[in-house]
Amino acid sequence: MTTQTMTKSATGYISPTRERVMGVLFLIIAAAIWVFFIRNTTPGVETTFGMTPGGSQVQTPDWVFETYTALNILLFLSIALAVYQLVRGFKRYTNIVLGVISGFFIFAFLAWGASGLSLNLSGLLRVMVIRSVPLTLGAFSGILCERSGVFNIAIEGMMLTAAFCAALFGSLVNIWFGLLTAMISGLVLGGVLAVLAIKYKVNQIIAGTVINIFATGLTSFLSAKFLQKYQYLNNPGRFPTWDVPGLSQIPFIGPIFFSHNLFVYAMYILLIVLTVALFYTRWGLRLRSVGEHPKAADTLGIQVNRTRYMAVLLGGTMAGFAGAYFILGSVGRFDEVLTAGRGFIALAAMIFGNWNPFGAFGAGLLFGFADSLAGKLTILRVPIHNKFLEMAPYIVTMIVLAGIIGRGQPPAAGGQPYEKE
Amino acid sequence: MKIEKAKAQTPQKPLAVFLDEITRSPMMVNILAIITGLFLGGVIAALTTENVYAALKSSLGESLKLALQAAWNTYKALFLGAFGDPQRIVSALQSGDLNAINRALSPFAESLVQATPYIFAGLAVALGFRVGLFNIGAEGQIFVGALAAVWAGVFIKGLPPIIHAPLALLIGGLGGAIWGLIPGWLKAKTGAHEVINTIMMNYIAFRLSEYLLTGVLRDPAKTTPISAPIERSAWIPRLFPDPNRFHAGFFIALFMALLVYILLFKTTWGFELRTVGANPSAARYAGMNIVRSMVITMALSGGLAGLAGANEVLGVNRNLGVAFSSGYGFDSIALALLGNSHPLGVVLASLLFGFLRNGAIQMQLTAGIPIDIISIIQAMILAFIAAPAIIRTIYRLKPPKEPEIRLQTSSAGGSS
């Protein structure tokens, strides 16, 4: 209980101990680059990174470099950063530097894995963006709920139900209607969560579990009963890919970020809107105050439970939108339990991103990258099983949560129903 | 009926007092929650029957009749699947043929088989609840328990059954215990919320099982990722000839329930655990070791869940496939709540869920109603129990005399 108050460091203060711990960590990463990659590389072998995703009109020449030299440069940079951290310290930029060094490590890993081979880097990154969509949008849903003080572990169930509705109603009417019903189904389940958690003061974890079990049961039941029997009910089609004029023509960057369907662009827009709304408007301040200290907020005349209802309903709608992605933005048909735990990775992305939209987006990209890379590992012939890469999001979330490398700061009043005295 | 009414109107009469007590008791809420959940399950079964809508075009009465019939058929198939056909049982008993009796009673025994992992997993979650910890990771612990037990059953060879089977079971329990210990330790030491960590551990367990089942544990003779069959000496013995799968694991589960009961309610240590759960501050003030209690509880809880997995592979499946995923872990949260986190309550709730599950499996085969309907029913039962106010409003029950204890998970920990 004491540590929770201790870690409230809004000013970005980092204790000297933590500075040193991070410095040592940087050194360990640098050492890992040497031990795992440089020692196992023969000088003179070249790595080829493809810079044009398959099927893209924007051509970029391949990037060919000598693996050994590149790895040594990365090692040198990492050591330099580590030494600076230990001697002077990066102070409040420490986390950013940690990100940079982790990036070095990943790049070194890719360069080493693809030495003597060719890896389509831009394809890898493009898939990363695609895979990050449900994670990021799901994390936004979690942020809306948890910033207002309501745990939402039902993102998975909401996404699953929304995906089902998108498939069914998208097939019956059209994809726009499918998207609308998906969002409405998320809204309804958000309403269930809100009523259980706020009105009936049910333990929020149990309320979330109820929704998850119910959603899995209902969608599997209806899918087995109808969708599998009548295939025309499960063929809604997909939103087409749309190139952003101008931006999509940028070499390398364009095809990765600006040649997608509606959901990816919606993610960018929601990222900005949510950040502004939460941190730069009165509305957002109220929402966050309700999640941090409901009693104080109530004293100031903010209606705690009404604010929470609104936040959870919005969060549900967001999860519904994320669920629609699975059908209308990705595979185009519903299968039983097709979300396959991505709602929980979204939860992890929310924690990893420190309950912050930009953080969640970054975490979503990182986890999306892990997912994308897991699919390419067989090409790289590296001695890591892709299942371990698929575990990575969960493990890093546990590490972050435990505060080993920087602790997240959850909203203080999360999980507690508010009773007016 | 008349007498009852008359008595109910005049207070102080024994029956009135009895009725009053009944309507106020928390047990009533649980029973009504089950009944309401089952009723709504019937409604869903009726609403998803196509010919109900077809008949709606001709007449409403016909449609209602069909709807009732659909609900009736669902529950008839569920009941027959769970308990067996009464006519068949009677005629088998009359004929005195042991083989026929075994066959006629095997659905009932199968329900007990289905209830066995529920008992273990329900106890796991209930134990956590009593100490104020929310173990939502029973599913992962079940998986790890199953993996560990399969490893012990496949790769340890040449032991006599009297040693091998308990050893494999124990190793399974240990696997689960480790999986529970990690979030417990993290909670106690760093204050990291055990709900999040157990969820993460669930998915790590799933990926780990996929990795092991496509690698080390995989049966080289098979094309699908499935483990080799475990050694005969590691089997938990089945007590009746085929097709009756009833095995000794059921009694181990009951024994565990007894052990948990004794631990929680008859030992000083259990008192300490329950105090930590009921009031961490008071426990700390009384000099109780909260960190130790949390870590041990999560390990024990994980161990119980691990036993559920071990029990399934050693007693029922005798190998482990990727499709082992059962949903037992999430259902066990409902069980613990339904059983009021009391071992006896958990056993009763597990029997109910075991009958439901087995009945639903048979129902899917005979009536063509997808098994997932029991998830819907279970979710609704869980919701009604978690929010007693809903049931109290529907049935106009009187409020309880004492305020209902809401589940409180502890925010203690992180005192390092």
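Residues numbered from 1 in each chain as written. Chains lettered and ligands numbered in written order. Predicted model: local features only at pLDDT ≥ 70, side-chain atom pairs only at ≥ 80, totals over all residues. Heavy atoms only, no water.

Draft legend 1. How the structure looks around the overall build of chain B. When helices and strands are tallied, chain B shows 18 helices and zero strands. Its C-alpha atoms give chain B a radius of gyration of 24 Å, near enough to 22 Å, the size a compact globule of 416 residues would have. Considering only C-alpha atoms, chain B reaches an extent of 65 × 60 × 45 Å along its principal axes. Within chain B, buried positions represent 56% of all 416 residues. When contacts within chain B are restricted to residue pairs at least 6 apart in sequence, those whose partners lie at least 24 apart make up 75%. Surface exposure of chain B reaches about 18,500 Å², of which carbon and sulfur atoms provide 68%. Here chain B contributes 31 positively and 20 negatively charged side chains, and the mean placements of these two sets differ by 6 Å. (Helix = DSSP H or I, 4+ residues; strand = E, 2+ residues; numbered from the N terminus. Rg over C-alpha atoms; globule rule 2.2 N^0.38 Å. Buried < 20%, exposed > 50% of the residue type's maximum accessible area, 1.4 Å probe, protein only. Contact = heavy atoms within 4.5 Å. Areas by Shrake-Rupley, 256 points an atom, 1.4 Å probe, with all protein chains shown as cover. Lys, Arg positive; Asp, Glu negative; His and termini not counted. Charge placed at Lys NZ, Arg CZ, Asp CG, Glu CD.)

Draft legend 2. Quick peek at the pattern of salt bridges. Following the criterion strictly, the structure yields ten salt bridges over all chains and no others. With its nearest N and O atoms 2.9 Å apart, the salt bridge here joins B:E210 to A:K387. Taken together, the positions of B:E210 in helix α10 (residues 194–214) and A:K387 in helix α16 (residues 386–402) put the pair across two chains. Judged by relative accessible area, which is 18%, B:E210 ranks as buried. Here A:E390 makes a salt bridge to B:R207, at a shortest N to O gap of 3.6 Å. You can see A:E390 sitting in helix α16 and its partner B:R207 sitting in helix α10, one on each of two chains. According to the relative accessible area criterion, A:E390 is partly exposed, its value standing at 22%. Shared partners join several salt bridges into a network, and the residues in it are A:K387, A:E390, B:R207 and B:E210. (Salt bridge = Lys/Arg side-chain N within 4 Å of Asp/Glu carboxyl O.)

Draft legend 3. Expanded view of the packing of aromatic side chains. The full count for this structure, using the stated rule, is 41 aromatic pairs over all chains. Among the aromatic side chains, those forming a connected cluster through ring pairs are A:W176, A:F239, A:F263, A:F321, A:Y325 and A:F326. (Phe/Tyr/Trp six-rings, centres within 6.5 Å; stacked < 30°, edge-to-face > 60°.)

Draft legend 4. Spotlight on the domain arrangement of chain A. Residues and elements named next belong to chain A. For chain A, the domain assignment lists domain 1 (7–121) and domain 2 (131–362). Using C-alpha coordinates to define each centre, domain 1 is positioned 33 Å away from domain 2. Interface area for domain 1 against domain 2, summed over the two sides, is near 530 Å², with a carbon-plus-sulfur share of 73%. Between the two partners, domain 1 and domain 2, sit zero salt bridges. Our enumeration of links across domain 1 and domain 2 arrives at zero residue pairs in polar contact (both at pLDDT 80 or more). Across the side of domain 1 that touches domain 2, the residue classes tally to four nonpolar, two polar and one charged. (Domains from an automatic or database assignment. Buried area = accessible area lost by both parts, 1.4 Å probe. Polar contact = N/O pair within 3.5 Å; in protein donor to acceptor, adjacent residues only side chain to side chain. Nonpolar A, V, L, I, M, F, W, Y, C, P; charged D, E, K, R; others polar.)

Draft legend 5. View of the environment of B:P161. All names here are of chain B. Topologically, P161 is positioned in helix α9 (residues 161–190). Linking P161 and S233, residues 72 residues apart in sequence, is a C-alpha distance of 4.2 Å. Not counting residues within four places of it along the chain, the set of residues in contact with P161 comprises P166 and S233.

Draft legend 6. Spotlight on the state of the cysteines. All names here are of chain A. Applying the stated rule across the entire model yields zero disulfides over all chains. Distance from the sulfur of C145, which forms no disulfide, to the nearest cysteine sulfur (C165) is 18 Å. Its relative accessible area of 13% is what places C165 among the buried residues. (Disulfide = S-S within 2.5 Å.)

Draft legend 7. Structural view of helix α11 (residues 282–292) of chain A. Residue and element names in this part refer to chain A. Listed as buried for α11 are G284, L287, R288, V290 and G291. Along the axis of α11, the buried positions cluster into a sector of 155 degrees, meaning they face one direction only. Exposed and facing more than 90 degrees away from the buried side of α11 are R282 and L285. Those residues of α11 that are buried lie in contact with α5 (121–147), α10 (262–280), α12 (294–299) and α13 (304–331). (Arc of directions from axis to C-beta.)

Draft legend 8. Seen up close, the packing of helix α11 (residues 249–266) of chain B against helix α12 (residues 268–278) of chain B. Residue and element names in this part refer to chain B. Taken N-terminus to C-terminus, the directions of α11 and α12 make an angle of 75 degrees; their axes are 5 Å apart at the nearest point. It follows that α11 is roughly perpendicular to α12 by the angle criterion. Across the interface between the two elements, L263, L264, F265 and K266 from α11 touch T268, W269, G270, F271, L273 and R274 from α12. Class assignment for the residues of the contact of α11 with α12 results in six nonpolar, two polar and two charged. (Axes fitted to C-alpha atoms, helices over the stretch in contact; angles between N-to-C directions. Parallel < 35°, antiparallel > 145°, perpendicular 65-115°, else oblique.)

Draft legend 9. Broad picture of the interface of chain A and chain B. In this assembly, 45 residues from chain A lie in contact with 52 residues from chain B. Interface area, chain A with chain B, both sides summed: about 4,300 Å², of which 75% is carbon and sulfur. Our count for the chain A to chain B interface comes out at two salt bridges. Applying the counting criterion to the chain A and chain B interface returns two residue pairs in polar contact (both at pLDDT 80 or more).

Draft legend 10. Region of interest: unusual backbone geometry. Within the chain, A:K201 stands out as a residue other than glycine whose phi angle is a positive 55 degrees. Here A:K201 is to be found in the loop between α7 (175–199) and α8 (204–227). Judged by its relative accessible area of 16%, A:K201 falls in the buried class. Positioned with a positive phi, B:N340 is a non-glycine residue whose angle comes to about 55 degrees. Within the secondary structure layout, B:N340 lies in the loop between α15 (328–338) and α16 (343–367).

Draft legend 11. Here's a closer look at empty space enclosed by the protein. All names here are of chain A. What the rule picks out here adds up to one cavity of 30 Å³ or more. Considering only enclosed or pocket space, the largest cavity measures out at about 30 Å³ in volume. When residues of the lining of the largest cavity are traced back to their parent elements, those giving at least two are α7 and α13. (1 Å grid on protein atoms, 1.4 Å probe; cavity = no way out; pocket = protein on both sides within 12 Å on 5 of 7 lines; lining within 4 Å. Points joined across faces, edges and corners; volume = space filled by probe spheres on them.)

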